[in-house]
Amino acid sequence: MKITVVGTGYVGLVSGTCLAEVGNDVLCLDVDPEKIRILEEGGIPIHEPGLLEMVRRNVAAGRLHFTTEVERAVRHGTIQFIAVGTPPDEDGSADLQYVVAAARNIGRLMTDYKVVVDKSTVPVGTGAKVKAAIADELKKRAVDTPFSVVSNPEFLKEGAAVEDFMRPDRIVVGAEDEQAIHLMRALYAPFQRNHERLIVTDVKSAELTKYAANAMLATRISFMNELANLAEVLGADIEMVRQGIGSDPRIGYHFLYPGCGYGGSCFPKDVKALIKTAQDDAGITLKVLTAVEEANDAQKHVLTGKLKARLGDLKGQHFALWGLSFKPNTDDMREAPSRELIADLFAAGATVTAYDPVAMHETQRIYGAEPRLQYADSPMAALEGADALVIVTEWKEFRSPDFEAIKGALKQPLIFDGRNLYDPKFVRGLGIEYFAIGR
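Residues numbered from 1 in each chain as written. Predicted model: local features only at pLDDT ≥ 70, side-chain atom pairs only at ≥ 80, totals over all residues. Heavy atoms only, no water.

(A) How the structure looks around the overall build of the protein. Along its length, the protein carries 17 helices and 14 strands. Relative to its length of 439 residues, the protein is compact, with a C-alpha radius of gyration of 24 Å against a globular reference of 22 Å. Principal-axis analysis of the C-alpha atoms places the extent of the protein at approximately 75 × 45 × 45 Å. Per-residue burial for the protein yields a buried fraction of 54% across its 439 residues. Here the analysis covers contacts within the protein between residues at least 6 apart in sequence; of these, 72% occur between residues at least 24 apart. Total accessible area on the protein is roughly 19,500 Å²; 53% of this is exposed by carbon and sulfur atoms. Placing the 50 positive and 61 negative side-chain charges of the protein at their respective mean positions leaves the two points 2 Å apart. (Helix = DSSP H or I, 4+ residues; strand = E, 2+ residues; numbered from the N terminus. Rg over C-alpha atoms; globule rule 2.2 N^0.38 Å. Buried < 20%, exposed > 50% of the residue type's maximum accessible area, 1.4 Å probe, protein only. Contact = heavy atoms within 4.5 Å. Areas by Shrake-Rupley, 256 points an atom, 1.4 Å probe, with all protein chains shown as cover. Lys, Arg positive; Asp, Glu negative; His and termini not counted. Charge placed at Lys NZ, Arg CZ, Asp CG, Glu CD.)

(B) Local environment of the sheet that holds strand 10 (residues 351-355). If you trace the six strands from one edge of the open sheet to the other, you get 11-10-9-12-13-14, paired in parallel fashion. Of all strands in the sheet, those bounded by a partner on one side alone are strand 11 (373-375) and strand 14 (433-435). Here the strands of the sheet are splayed against their neighbours by 20 degrees on average, with no regard to which way each runs. For strand 13 (residues 414-417) and strand 14, the ladder comprises three bridges, and the chain directions are parallel. (Pairing = 2+ DSSP bridges. Axes fitted to C-alpha atoms, helices over the stretch in contact; angles between N-to-C directions.)

(C) Focus on the side chain of Arg242. You can see Arg242 is positioned in helix 10 (residues 238-246). For Arg242, the side chain forms a polar contact with the side chain of Glu239, separated by 2.9 Å. In this structure, Arg242 is in contact with Met224, Tyr253, Leu256 and Tyr257, ignoring residues within four places of it in sequence. (Polar contact = N/O pair within 3.5 Å; in protein donor to acceptor, adjacent residues only side chain to side chain.)

(D) Quick peek at the pairing of strand 4 (residues 79-82). Where burial is concerned, the two faces of strand 4 agree: the one with Ile79 and Phe81 and the one with Gln80 and Ile82 are both buried. Examined bridge by bridge, strand 1 (residues 2-6) and strand 4 share four bridges and lie parallel to one another. Within strand 4, the position partnered with Val5 by the bridge is Phe81. Each parallel crossover has a hand, and the one from strand 4 via helix 5 (residues 97-109) to strand 5 (residues 114-118) is right-handed. (Right-handed = clockwise from strand over helix to strand, strands pointing away.)

(E) How the structure looks around the packing of aromatic side chains. Taken as a whole and assessed by the stated rule, the structure comprises 11 aromatic pairs. With a centroid separation of 4.7 Å and 10 degrees between ring planes, the pair formed by Phe416 and Phe435 is classed as stacked. Linking Phe416 in strand 13 with Phe435 in strand 14, this pair joins segments that are 19 residues apart in sequence. Judged by relative accessible area, Phe416 falls into the buried class, the value being 0%. Between Tyr422 and Tyr434, the ring centres sit 6.1 Å apart and the planes meet at 45 degrees, which makes this aromatic pair tilted. On the criterion of sequence distance, the pair formed by Tyr422 in the loop between strand 13 and helix 17 (424-429) and Tyr434 in strand 14 is long-range, its members being 12 residues apart. Of the two residues, Tyr422 and Tyr434, both sit in the buried class. Its end group placed over the ring of Phe155, Arg170 keeps NZ or CZ at 3.7 Å from the ring centre. Directly above the aromatic system of Phe346 lies the positively charged group of Arg372, at a separation of 4.3 Å from the ring centroid. (Phe/Tyr/Trp six-rings, centres within 6.5 Å; stacked < 30°, edge-to-face > 60°. Lys NZ or Arg CZ within 6 Å of the ring centre and 35° of its normal.)

Set out below in structure tokens:
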């Protein structure tokens, strides 16, 4: 099948590449010439395990192409995926200007039947806006070319996006006409050979499904964080509680790990947007989600509170920071808890030396030549001259460190662990003061 993907961010590039991997002829469009230059030179503009090799393989096979030419992109694909950004507006609602602009370009230039697929995470009702934008452009041209609008939300985890696309739990398709559903079934057939994973809904239900999924996961995280804070005060161990409740099949173990808050490009943005949609479009206050957001905002400052409780005034103190990205296996710093912690430490007059396996380049782009933030080329190098070690991201390489070496490198043996990586009894037995979340 001939497919166009508009946008080469996480969603667009992963989707386009995986669709090419199973034999489709895919053209990826981006209006950012720098992104297209990187892709055409054999690189990728994001960090995602396994993606670079797959991109190169499919480019070499002639199935994956890149362009900045809108007309070429519209002409190419019968199926046109819109996978552009929907950044939060100042009021928390999703900014749809890029989605609508992409739809208008399709309407302005299409000459034959198109299935226009919303892959971006968009509020309920966006499908209708996309349909209206395309229809308006066709009307201006005085043509009546047929088209369908489909909602096909992505459920990709950053750091495991390629695997998630190639072996999906479910494929949600919101559509209202049989031709579009037929084409979407054909498109996704290679990804569900051992059993049917495709769920067909109406467009609005598909749009809401995406927000509901992310909001549910964010709720579990904030709930566990609040329980962890309670457990700490009561003298209980949240890890034992997690095992106790996770063993209930109605609850399960997924997303029950407490820590220093969730971040990234999805959960914070989608929770905000769902709250805003409910308020503006339905006049409903989502009380649970409002609390989820408040709890998460507070959780990002829990490590600062622990540092101040143990060390008092942080002015002039220097901290080693392990982990910068909002989670492992990505360089994404959007809404990362590390950013709140760094801001708190700077405000208190402290300095930081940070180490992250892949996110330091992105961090330098954000902070520029900030003298209070230095970077180390290894976890151990970050510890030199530090008053304490603070762990913010659960990268695998942090899981089994040389604790004696840590003890020797720090000014005093203090670890503040925002991701509960270690057994408190074991670490404390080595003569290290260990502060975790709810343990």
